[in-house]
Amino acid sequence: MPQRYLNTLTFLLTIGTLYALLYFLKKFKPEILKKCGISLEGPVVLFRTAKFNRAIEYIGNKYSKPIRFASYVAIIVSLYLMFVGIHFIHSNLLAIILKSPTAAPVEPLLPGINVGLESLPYLALAAAVVLLPHELAHGITASAFKVRIKSSGLLLALILFGGFVEPEEEELKKTPLLKKLGFLSVGSFVNFLTFLLVTELFLVLMIPSGVLVRGTLEGFPAHGVLKPDDIIVRINETSISSLNDLIGYMKRTKPGEKIIISVVRNGEVLELPLTLAEDPRNKSKGFMGARFDYYYQPMFFSNTYSPLIRKMSIEIYRIFKWVYLLTISVAVMNMLPIYPFDGGRVVYAVLEEYFKEESKREKVKMLVTLYFVAVLLANIALSIRIWGLGSWLP
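Notes on the structure follow. One numbering rule holds for all chains: residues counted from 1, following each sequence as written. Confidence filtering applies because this is a predicted model: local features only for residues at pLDDT of at least 70, side-chain atom pairs given and counted only at 80 or more, and all residues used for totals across whole chains, interfaces and linings. Hydrogens and waters are ignored; side-chain quantities use all the structure's heavy atoms.

1. Observations regarding the environment of Val 130
Inference 1: A run of H or I in DSSP counts as a helix once it spans at least four residues, and a run of E counts as a strand once it spans at least two, with each numbered from the N terminus. Relative to the assigned elements, Val 130 resides in helix H5 (residues 120–144).
Inference 2: Contact partners of Val 130, with chain neighbours within four places excluded, come to Asn 191, Leu 326, Thr 327 and Val 330. Any two residues whose heavy atoms approach within 4.5 Å are treated as being in contact.

Here it is as structure tokens:
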């Protein structure tokens, strides 16, 4: 099995072993699961404990004033995220139809289809970073508004690990509109804050240190010369610190031009000669025939070419890309006016305030949801038709 799948194999074996143990206990020792607060509902494992409820309610009650203030800030931020999401799916759909260069692919994450097996551990970790703070924020805010927590805990759904918080819905319905909006907004707000924090930490602690080779294209000059996980640090006498440096350099090259590529491989700097081919997209430019990615190293090891540092740097960047992608995607998409997304529930909470007749509320909710689902699906369908699946994912 290729080296790149070892992390995934270890991850899947761990998950598989856990499921096997839990289903064994369910069949032969169900009292153990009941005592531990563990239940299995199909492929979903739920771990409930009153300790979670008490901890959430303790935090919510002790820090109720700052939490309430934060929830009102969350309303403003989440409405902005809703606007960003609505603007994006409409403007992007128009850009796709008009074949504008600003168009961006939109697609769901489908493990094994557009998410490679080697990416599953990173996807699972990023999903946990999204789901756990999101649900915890809902629970703590509900407690700050004196809404009791009916149930809370951890969950495992196949490869995805997260949490859940169930407030008393009847008590939540009776809360004033502003508090209800605050409760519904904090999940995306926390995801957005996580996105900002992770991005800032990465930019402070990691610095561009070359270009990572992800693979080569058969039949082109780089094939058999460059290898996956090579780090390009120089071409001829030009230092290459980032992917932008490489793109800028290649724009100035011509087909047939001979270059010397300096790469870091297994801790050593190698100088590899290469004769450029014709770029299939622009016959006047040179072309290596390889897939590249950004490469960052911790600022404390910026001049170190150790294989251990390289491997650690690649892992950190892969984790960052998935966390970056999921936190901002969920923060924005969750606020779209699609029921039962939080954005759709925000719209319904407002409808409850101004439409006393339930049939009218339900009709408006359904129409709004269907419209935005249609726009979103149009983005996805046209993206797949034009770019295929997985053309932009980490």
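2. Here's the deal with a nonpolar patch on the surface
Inference 1: Residues enter patches when their relative accessible area tops 30% and they take part in no salt bridge; the joining distance is 9 Å for like charges and 5 Å for the nonpolar side chains Val, Leu, Ile, Met, Phe, Trp and Tyr. Residue burial considers only the protein chains on display, and all accessible areas are found by Shrake-Rupley using a 1.4 Å probe. When a carboxyl oxygen of Asp or Glu is within 4 Å of a side-chain nitrogen of Lys or Arg, the pair counts as a salt bridge. Among the surface-exposed residues, Leu 197, Leu 201, Val 204, Leu 205, Met 299, Phe 300, Phe 301 and Met 312 lie close enough to one another that they form a single nonpolar patch of about 750 Å² accessible area.
Inference 2: In terms of residue count, the dominant contributor to the nonpolar patch is helix H7 (residues 177–205) (4 residues).
Inference 3: With respect to the secondary-structure elements, Leu 201 resides in helix H7.
Inference 4: Throughout this description, buried means an accessible area under 20% of the type-specific maximum (1.4 Å probe, protein chains only), exposed means over 50%, and partly exposed covers the range between. The exposure class assigned to Leu 201 is partly exposed, which follows from its relative accessible area of 46%.

3. Side note on the sheet that holds strand E2 (residues 44–48)
Inference 1: Ordered in space as E1-E2-E3-E4, the 4 strands form an open sheet in which the pairing is antiparallel. Lying at the two open borders of the sheet, with one neighbouring strand each, are strand E1 (38–41) and strand E4 (160–167). Adjacent strand axes in the sheet meet at a mean angle of 25° when their direction is disregarded.
Inference 2: Think of it this way: DSSP has to see at least two bridges between two strands before they count as a pair. Note that E1 and E2 share 4 bridges and pair antiparallel. If you follow Ser 39 over to E2, its bridge partner there is Leu 46.
Inference 3: Axis geometry follows a simple rule: fit a line to the C-alpha atoms, using only the stretch in contact for helices, then measure angles between N-to-C directions, giving values from 0 to 180 degrees. H5 rests against strand E3 (149–157) and E4 of the sheet, and its axis sits at about 10° to E4.

4. Quick notes on the side chain of Ser 242
Inference 1: By the secondary structure assignment, Ser 242 is in the loop between strand E7 (238–239) and helix H8 (243–250).
Inference 2: For Ser 242, a relative accessible area of 14% corresponds to the buried category.
Inference 3: Setting aside chain neighbours within four positions, we find Ser 242 in contact with Pro 208, Gly 210 and Val 211.

5. Here's the deal with unusual backbone geometry
Inference 1: At the junction of Tyr 339 and Pro 340, the peptide bond is cis and its omega measures out at 15° in the coordinates.
Inference 2: Positionally, Pro 340 belongs in the loop between helix H9 (307–333) and helix H10 (342–354).
Inference 3: Of note in the backbone geometry, Leu 158 takes a positive phi value of approximately 60° without being a glycine.
Inference 4: In this structure, Leu 158 sits in the loop between E3 and E4.

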